[in-house]
Amino acid sequence: MSEVNVAMMTSGGLAPCLSSSIAHLVNFWNEALKAGKISKLSVRFYKDGYKGMLIGDSFLLPESQFGDCAALQELGGSPIGNSRVKLTNVKDCVNRGFVPEGESPLEVASQQLLKDRVNVIHTIGGDDTNTQAAELSKYLLEKHNGKVIVVGMPKTIDNDVYPIKQTFGANTAAEQGAIFFENVVSESTANPRMLILHEVMGRDSGYLTAATAKEYRERLAKKSFPGGFSTTAATRDIHAIWVPELPLNIEAEGARLKKIMDENGNVNVFLCEGSGVREIVEEMEANGEEVPRDAFGHVSLAKINPGVYFSKRLAGLVGAEKTLVQKSGYFARSAMANTFDRDLIGKCAASGVEAAINGVSGCMGEDEEMEGCPVRPIEFSRIKGGKPFDVSQNWFQAMLKDIGQL
């Protein structure tokens, strides 16, 4: 490539990696320019994800500010805004005013990229964002001779994208969720027989719940508790970890946890928000209630409130005098990337820029289906969401046994 016009967008929910991804990508493109791998560079940002691409809302970053983007490493959220837009959901795009009636969102997006003379588009988002990027890449290849290289960056705190070993932001979110609960668990001292449910984000995967629990317990193990006081390592420990990949017998768990309540005076549960959703949806539908869903057809977990649903059932079973449901999701996902994630994002950004210069499209990540899990542009046809958390892992099984759940 000689003259390269690069565009970037962030999409979907937040994760602790969006700002870092932009910082790394701008840096490595700037390094490619300085090294003479390309002769000229422009960097464009589409605002609010695919919405900005569809309505032509973007801005160019002055070359004089390329070096300033390193400061984004210290920020959470997205510096260019996100949205949830499905390019293949024509009706939704029309209803929201993003495309005129009768027009294809994929064609509108393609035409905007061609109008802006974009050679490379970096889509920074989760499975939905990158499966849409796959559709866009395929459409550009079939309809416009693949004139735009699409290089995805996999962010999602759920860590549930095939075949990527570790998605951006998941490690940070687990760390932040643990920090969140370090404060919340103190509420167990505010009332006798307190039941605390820590609801952790995760639609279909229990990874974040499990990883947050692991991080929290490692931090707890480093604390000291003087004897004679009612607050102990046992009262601040986690007593149950519920994830979608494991069957949940609420009656049996209630009986087990009641013994802990009787002994410790409190119970702490880590609940993945996707746990029991099927049962809740079935109950709503049986009652003739409308199940809230987003543009992708996903159940709106924030509106059906799994934590509240389970807290009501469990409170009676354990004899709780007071129940507290706390969600760490927004706190955790809005953090800036930690060192682990910055390093991972940096490796993928460096390889992603090289791939783009070589004309290769794909979603960057550690390809766990290849020996050694190399960082590479993974073919979009292989990218899909819904990867479950592997509950058979030794560390998770050991944690369940340690807390008495197995």
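None of the values given here were measured: they were computed from a predicted structure.

> I'm lost on the pattern of salt bridges in this one. Help?
Two side chains carrying opposite charge are able to pair once their charged atoms lie near each other. Following the criterion strictly, the structure yields 17 salt bridges and no others. The partner of R256 in a salt bridge is E253, and the shortest N-O contact between them spans 2.7 Å. Of the two residues, R256 and E253 both sit in helix α8 (residues 250-264), three residues apart, roughly one turn of that helix. Judged on exposure class, the residue R256 and its partner E253 are both buried. Ionic contacts of the salt-bridge type, sharing partners, join the residues D367, E369, R376, E379 and R382 into one network.

> What am I meant to see in helix α1 (residues 18-34) here?
An α-helical turn contains 3.6 residues, so a residue and the one three or four places further along point in the same direction. Between its first and last C-alpha, α1 extends 24 Å over 17 residues, near the 24 Å set by a 1.5 Å rise per residue. Across the 17 residues of α1, 14 count as buried, placing the element largely inside the fold. Positive phi appears at G36, one or two residues downstream of α1, with a value of about 80°.

> Any chance you could explain the packing of helix α7 (residues 207-220) against helix α14 (residues 394-402) here in plain terms?
Relative orientation and spacing of two packed helices are given, respectively, by the angle between their axes and the distance between those axes. Between α7 and α14, whose axes approach to 11 Å, the crossing angle comes to 65°. Crossing hand, α7 versus α14: left-handed. Residues A210, A211, A213, K214 and R217 of α7 touch α14, and the partners they reach there are W395, F396, M399 and D402. Grouping the amino acids of the contact of α7 with α14 by side-chain chemistry returns six nonpolar, no polar and three charged.

> Which parts of the structure should I look at to understand the nonpolar core?
A general feature of soluble globular proteins is that nonpolar side chains tend to end up buried together. Formed by 71 residues in total, the largest nonpolar core has its most connected members in M8, V26, W29, M153, I241 and F396. Element by element, the count of residues in this core is highest for α1, at nine residues. If near-sequence neighbours (up to four positions away) are discounted, F396 is found in contact with A210, I241, V243, L246, F389 and V391. Listed in part, the 31 residues of the second largest apolar core include Y46, V94, A134 and I378.

> What should I look at first to understand the side chain of S20 in this one?
Position of S20 relative to the elements: it lies in helix α1. Residue class for S20 comes out buried when judged on its relative accessible area of 2%. The contacts of S20, once residues within four sequence positions are left out, are L72, Q73, A337, R342 and I345.

> Can you walk me through the pairing of strand β8 (residues 266-272) in this structure?
Each regular strand shows side chains that alternate between the opposite faces of the sheet. Where burial is concerned, most of β8 is hidden: seven out of the seven residues are buried. Bridging between strand β6 (residues 194-200) and β8 involves seven bridges; their strand directions are parallel. Residue E199 lies in a different strand from β8, and its bridge partner there is L271. Bridging between strand β7 (residues 240-242) and β8 involves three bridges; their strand directions are parallel. When the sheet's bridge partners are listed, W242 is paired in β8 with L271. The β-α-β motif built from β7, the intervening α8 and the parallel element β8 has right-handed crossover chirality.

> Hey, could you run me through the side chain of S11 in this one?
Its place among the elements puts S11 in the loop between β1 (3-10) and α1. With relative accessibility at 2%, the residue S11 sits in the buried group. A polar contact is formed between the side chain of S11 and the backbone oxygen of S83, at a distance of 3.1 Å. Among residues more than four places away in sequence, those in contact with S11 are G49, Y50, N82, S83, I124, G125, T129 and K155.

> Where do I start with unusual backbone geometry in this structure?
Both trends apply: most residues other than glycine have a negative phi, and most peptide bonds are in trans. Residues Y162 and P163 are joined by a peptide bond in cis, for which omega reads -15°. Mapped onto the elements, P163 comes out in the loop between β5 (149-154) and α6 (170-184). Unlike most non-glycine residues, D48 shows phi in positive territory, near 60°. With phi around 55°, R117 is a residue other than glycine that occupies positive phi space. Here R117 falls in the exposed class, since its relative accessible area comes to 57%.

> Would you explain the packing of α8 against helix α11 (residues 306-318) in this entry?
The contact between α8 and α11 brings their axes to 8 Å, and the two run at 55°. Looking at the two axes, α8 sits oblique to α11. Here α8 runs over α11; the crossing is right-handed. Along its contact with α8, which presents I250, E251, G254, L257, K258 and M261, the element α11 presents F310, R313, L314, L317 and V318.

Reading the values: the criteria
Residues numbered from 1 in each chain as written. Predicted model: local features only at pLDDT ≥ 70, side-chain atom pairs only at ≥ 80, totals over all residues. Heavy atoms only, no water. Salt bridge = Lys/Arg side-chain N within 4 Å of Asp/Glu carboxyl O. Helix = DSSP H or I, 4+ residues; strand = E, 2+ residues; numbered from the N terminus. Buried < 20%, exposed > 50% of the residue type's maximum accessible area, 1.4 Å probe, protein only. Expected span 1.5 Å × (residues − 1). Axes fitted to C-alpha atoms, helices over the stretch in contact; angles between N-to-C directions. Left-handed = near helix turned anticlockwise from the far one by under 90°. Contact = heavy atoms within 4.5 Å. Nonpolar A, V, L, I, M, F, W, Y, C, P; charged D, E, K, R; others polar. Core = buried A, V, L, I, M, F, W, Y, C linked by side-chain atoms within 4.5 Å. Pairing = 2+ DSSP bridges. Right-handed = clockwise from strand over helix to strand, strands pointing away. Polar contact = N/O pair within 3.5 Å; in protein donor to acceptor, adjacent residues only side chain to side chain. Parallel < 35°, antiparallel > 145°, perpendicular 65-115°, else oblique.

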